[in-house]
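The chain contents come next:
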Amino acid sequence: MPYFSSWKTITVWLVVLLSIVVALPNAVSNSTLENLPDWVPKRQVMLGLDLQGGSQITLKIERDDVIKARLQATIDAVGTKLRAADIGYSGLSGTGQEIQLRLRDPAQADAALAALTSLTDPVKEGGLTKKSVSEVTIGSADGVITLDMTNEGIDYRVSTMMDGAIAVLQQRLTDLGALQPKLRRQGADRIIVQIPGRYDPEQVKYILSQAGTLSFRSIDMSMAVQDAVNGQPPVNSEILYSADDPPIGYLVRRQPIIANADIVDAQAAINAQSGNQVVNLRLGPEGTARFAKATADSAGTTVAVVLDGAVIATPLVRKAITDGTVQLAADMSSEGAEDLALLLRAGALPTPLTIVEERSIGAGRGADSIHSIMMAGTIGAVLVVLFMLAFYGLFGAIASLAVALNVVMIIAVLSATGLLLTLPGIAGIVLTIGMAVDSNVLIYERIREEVKHGRSLREALNYGFSRAFAAIVDANITTLIAAIILLFLGTGAVRGFAVTLAIGIVTTLFTAYTLTRVMLEIWLRRRQPTELPAGIRTGIFDSAAFRFMAIRNYVFSLTTLLSVVSMLLFGALGINLGIDFSGGSVIELKAREGNADIDDITGRLYELNLGDVTVKPFGSPQDVVVRVHSRDGGENAEQTSVILIRSELEDAYEFRRVEVVGPTISGDLTKAATIGVLGSLLAIIVYIWFRFEWQFAAGAIVATLHDVLLTIGLFVVTGMEFNLTSIAALLTIVGYSLNDTVVVYDRVRENLKRYPRMPLPILIDTSINQTLSRTVLTGVTTMLALAALCIFGGEAVQPFAFVMLFGVVVGTFSSIYVAGPILILFKLRHGAEKTGGPTLSARGAL
């Protein structure tokens with residue numbers, strides 16, 4: 001082994017020490033942290049909502065609502081400007097993004113264009129470019145004025161409304177008392193809100209989505225409401241309805257007496273005389289003066305209180321109100337009064353927001369998940385350590401220490417960066433534990449081979465690390481590519497899995513190649529051994545001489561048949577798509593007393609007419625999961641389903657998890673998942689093609705497709721739900737399978753140069769047997785970790801772990817019986833290198 005200078009050794013241990021120090025706050029209580037010196041890091045890992053409980057809600061600005069509001073605002077502005085310029089017109093109306101009117105005197109066309117020209121003034125977009133855009137274009141022909149609202153102008157309005165909405169939502173959540181809420185933009189028209197902690201999801205959704213636009217309006221008594229409905233209401237008035245059943249119509253003035261901008265404070269209270277809930281409003285100076293004049297003029301009549309386009313009250317004005325205090329009395333509960341006061345204090349949203357996705361987790365469910373998966377992780381880690389100690393003795397202890405420090409470094413990175421640790425993220429750490437030993441096994445087996453070839457122990461260590469390095473990098477980069485794609489593809493929990501997987505791959509390269517090397521160097525210097533330590537038992541694989549390729553025709557034909565059957569079943573039966581891709585709702589319930597009654601739940605939900613509803617047991621007899629399939633009616637229909645189910649079952653059942661995905665989100669997720677899978681496969685194929693000869697790349701592609709098809713067949717046959725977590729499992733299987741294939745191919749490529757005259761089937765058998773110890777040991781350690789997740793990880797991760805376990809078995813199989821025969825099929829030539837390049841026979845056959 002090359003001499004490791006002191007400063008390099010010190011650097012490695014400093015990195016390890018720093019990781020321990022940064023990760024340490026996660027192992028002590030908060031009270032202990034407060035007593036530590038200021039220089040000690042105190043940041044802990046931030047838990048995802050699926051572990052600590054809370055809600056993630058995705059809101060969307062509807063472009064059609066923005067267009068409608070802008071259309072009406074522009075029509076009002078056009079009318080105002082033309083009247084001010086004393087220009088007569090008729091037929092002022094708008095459809096879509098176009099407004100038209102006819103001048104009574106066509107000769108006034110130029111004057112009309114001049115009066116309206118300010119509407120075409122450009123506005124500056126936000127961002128770095130500060131580009132100017134025109135919201136409206138104007139033209140005239142034959143006395144007809146046409147105004148078109150531009151798409152760029154609508155985009156500008158949507159963007160500014162997004163900024164305004166985020167500010168209002170932040171204030172609302174602050175008033176609600178939410179701790180550390182997170183709001184971020186997603187794309188051009190969506191806002192993602194994350195609220196950790198225990199809050200009523202329905203209250204949170206109301207607070208976030210309600211526009212909160214309040215106004216006091218004069219009631220227009222110039223004509224009857226029914227006459228206005230049947231005919232044309234006055235130009236300055238409109239018809240609004242109450243929320244009663246049936247609704248009552250009111251003809252109200254468009255111009256409000258007071259609105260949100262006039263309210264400086266709002267507090268819920270109880271009316272001392274009636275005992276009813278009220279909201280006390282305090283107005284600013286201008287609003288006070290305007291309201292005083294309006295109430296003085298309309299004493300003895302009623303006014304309409306309008307909230308988000310609906311009349312909620314019509315109080316009688318008995319006398320002028322001059323002190324700027326208004327008591328709003330409406331039919332509302334104490335919670336409703338508190339929520340309305342909160343909305344009025346925070347201000348109105350610039351436009352209503354539509355809830356397109358909801359994922360709410362109860363705190364109790366998160367605690368149970370942590371307990372289950374931590375137990376699974378501990379059991380998996382212990383099994384891996386015992387397995388490594390059994391096969392490698394001292395070297396196994398070093399590898400186990402490296403794996404433990406690997407986990408510490410992952411936790412340190414999560415703590416330092418503030419990245420969320422989710423439930424699948426913990427599964428990613430457990431998977432990393434199983435896969436981390438792969439690099440150590442590759443190195444150890446290389447060292448053992450060099451010792452068998454007669455090299456001294458120091459030389460064997462040197463050659464072992466150097467020759468294993470390329471295989472380690474190639475094998476891990478394929479999985480890293482899949483993890484990076486998941487980072488961009490996934491949301492929430494899936495992204496958490498990708499984060500820990502990606503970090504784990506990087507830390508594995510450090511601990512396996514650098515940290516392990518330093519520890520072996522210390523052992524070599526202090527003990528100065530002349531032979532490998534006792535306890536290495538992988539020599540049992542040395543005599544392996546299996547003729548894998550001898551039965552390749554039969555096995556390859558069988559795998560081809562299974563792949564074709566998987567495709568046919570997929571085409572005939574389809575796959576059980578989860579709500580991520582098909583839309584709908586999933587609700588996890590826990591009986592408050594006794595066991596859950598599935599028949600009773602099914603019957604009660606049937607009465608709600610929710611369409612296709614499925615109720616299944618989930619874990620213990622107390623738990624069930626309700627699936628409401630996507631309904632017609634868009635996003636609001638999905639939310640209505642949850643509201644109805646909650647009102648029906650909340651008394652008897654605890655709502656531990658609620659996930660609602662509307663058609664907009666499900667369509668986007670389907671598109672993103674398709675692009676992600678194809679993109680990751682393409683990226684991995686390009687990398688393999690670049691690193692190996694084209695025959696190797698072709699073999700890797702076919703083996704990967706084999707694994708993907710059989711995994712999809714598993715979903716079809718078992719009926720398991722296919723969701724975003726399944727995509728994460730599928731891409732990880734691809735990475736793991738290629739990991740195995742790359743290790744075998746790396747040895748085949750090496751042996752092609754070493755034994756140029758050896759028949760190709762025998763050479764491939766030799767290569768597989770030489771790497772058999774690594775294949776078996778890595779496969780077993782990974783399967784031990786995944787088996788622990790399957791058995792002890794809880795219902796939330798068991799399907800994911802089962803698919804991964806199946807994928808590891810299939811991937812290990814395909815690296816031998818698919819990847820190997822493909823090289824024979826394509827007539828890989830001896831001594832093939834990129835410079836010479838092997839050729840493809842005109843009659844390639846197995």
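If you're wondering where the values come from, they're calculated on a predicted model, not measured in any experiment. (Residues numbered from 1 in each chain as written. Predicted model: local features only at pLDDT ≥ 70, side-chain atom pairs only at ≥ 80, totals over all residues. Heavy atoms only, no water.)

Considerations on the overall build of the protein chain
So, step 1. Check the secondary structure of the protein chain and you find 26 helices and 25 strands.
So, step 2. Each of the 846 residues in the protein chain was classed as buried or not, and the buried ones make up 50%.
So, step 3. Pairs at least 24 apart in sequence give 74% of the contacts found in the protein chain among residues at least 6 apart.
So, step 4. With the model as given, the accessible surface of the protein chain reaches about 37,500 Å², and the carbon-plus-sulfur share is 58%.
So, step 5. Within the protein chain, the 77 negative side-chain charges are centred at a point lying 12 Å from the centre of the 68 positive side-chain charges. (Helix = DSSP H or I, 4+ residues; strand = E, 2+ residues; numbered from the N terminus. Buried < 20%, exposed > 50% of the residue type's maximum accessible area, 1.4 Å probe, protein only. Contact = heavy atoms within 4.5 Å. Areas by Shrake-Rupley, 256 points an atom, 1.4 Å probe, with all protein chains shown as cover. Lys, Arg positive; Asp, Glu negative; His and termini not counted. Charge placed at Lys NZ, Arg CZ, Asp CG, Glu CD.)

Considerations on empty space enclosed by the protein
So, step 1. Considering all chains together, one arrives at three cavities of 30 Å³ or more under this definition.
So, step 2. Taken as a whole, the largest cavity spans an internal volume of roughly 120 Å³.
So, step 3. Looking at the largest cavity, it is lined by 14 residues, and the ones nearest its centre are L442, R446, V743, R747 and T771.
So, step 4. For the lining of the largest cavity, the secondary-structure elements that each account for two or more residues are α13 (423-452), α14 (457-489), α22 (724-754) and α24 (772-792).
So, step 5. Looking at side-chain class alone, the lining of the largest cavity contains four nonpolar, three polar and seven charged residues.
So, step 6. By volume, the second largest cavity amounts to about 90 Å³.
So, step 7. Around the second largest cavity, the lining residues are T432, M435, A436, D438, S439, N476, T479, L501, G504, I505, T508 and N739.
So, step 8. Every element with two or more residues in the lining of the second largest cavity is listed here: α13, α14 and α15 (493-527). (1 Å grid on protein atoms, 1.4 Å probe; cavity = no way out; pocket = protein on both sides within 12 Å on 5 of 7 lines; lining within 4 Å. Points joined across faces, edges and corners; volume = space filled by probe spheres on them. Nonpolar A, V, L, I, M, F, W, Y, C, P; charged D, E, K, R; others polar.)

Considering the confidence of the model for the protein chain
So, step 1. When the pLDDT values of the protein chain are averaged, the result is 84; 95% of them are 70 or greater.
So, step 2. Scored below 50 in pLDDT, residues 831-846 makes 32 contacts in the model with residues more than four places away or belonging to other chains. (pLDDT = per-residue confidence, 0-100.)

Considering the nonpolar core
So, step 1. Within the largest apolar cluster, 136 residues are counted, with the highest numbers of intra-cluster contacts made by Y392 and Y444.
So, step 2. In contact with Y444, other than residues within four places in its own chain, are Y392, F395, I398, A399, T516 and L520.
So, step 3. Ranked by size, the runner-up nonpolar core spans 45 residues in total, among them V136, V158, A165 and L173. (Core = buried A, V, L, I, M, F, W, Y, C linked by side-chain atoms within 4.5 Å.)

A few points about the pattern of salt bridges
So, step 1. One pass over the full model with this rule turns up 35 salt bridges.
So, step 2. One salt bridge connects R190 with D189, and the closest N-O pair in it is separated by 4.0 Å.
So, step 3. A relative accessible area of 23% means that D189 is categorised as partly exposed.
So, step 4. Among the charged side chains, a network of salt bridges with common partners joins E357, R359, D580, E588, R656, R657 and E659. (Salt bridge = Lys/Arg side-chain N within 4 Å of Asp/Glu carboxyl O.)

Examining the environment of Q327
So, step 1. For Q327, the position within the fold is in strand β19 (residues 325-329).
So, step 2. Distance in space between the C-alpha atoms of Q327 and R467 is 81 Å, their sequence separation being 140 residues.
So, step 3. If we ignore the near neighbours within four places in the chain, the residues touching Q327 are N271, V278, V279 and N280.
So, step 4. Of the polar contacts made by the side chain of Q327, one reaches the side chain of N271; its length is 2.6 Å. (Polar contact = N/O pair within 3.5 Å; in protein donor to acceptor, adjacent residues only side chain to side chain.)

Notes on the pairing of strand β23 (residues 613-618)
So, step 1. Sheet topology note: the β23/strand β24 (residues 620-629) ladder contains six bridges and is antiparallel. The residue bridging T614 from the neighbouring strand is R627, located in β24.
So, step 2. Hairpin connection of β23 to β24: one residue between the antiparallel strands, including G619 at a positive phi of 80 degrees. (Pairing = 2+ DSSP bridges.)

Overview of the sheet that holds strand β15 (residues 263-270)
So, step 1. Taking strand neighbours across the sheet as the criterion, the three strands line up as β15-β16-β19 in an open arrangement whose pairing is antiparallel. Pairing within the sheet leaves two strands with one partner each, and these edge strands are β15 and β19. Between one strand axis and the next, the sheet turns through 25 degrees on average, direction left out of account.
So, step 2. Of the pairings in the sheet, the one linking β15 to strand β16 (residues 277-283) comprises seven bridges and is antiparallel in character. By the bridge assignment, A268 is partnered in β16 with V279. (Axes fitted to C-alpha atoms, helices over the stretch in contact; angles between N-to-C directions.)

As for unusual backbone geometry
So, step 1. For D308, which is not glycine, the phi torsion reads 50 degrees and is therefore positive.
So, step 2. Among the structural elements, D308 can be located in the loop between β17 (303-307) and β18 (310-313).
So, step 3. Judged by its relative accessible area of 28%, D308 is partly exposed.
So, step 4. If you check the backbone angles, Q528 has positive phi at about 45 degrees while not being a glycine.

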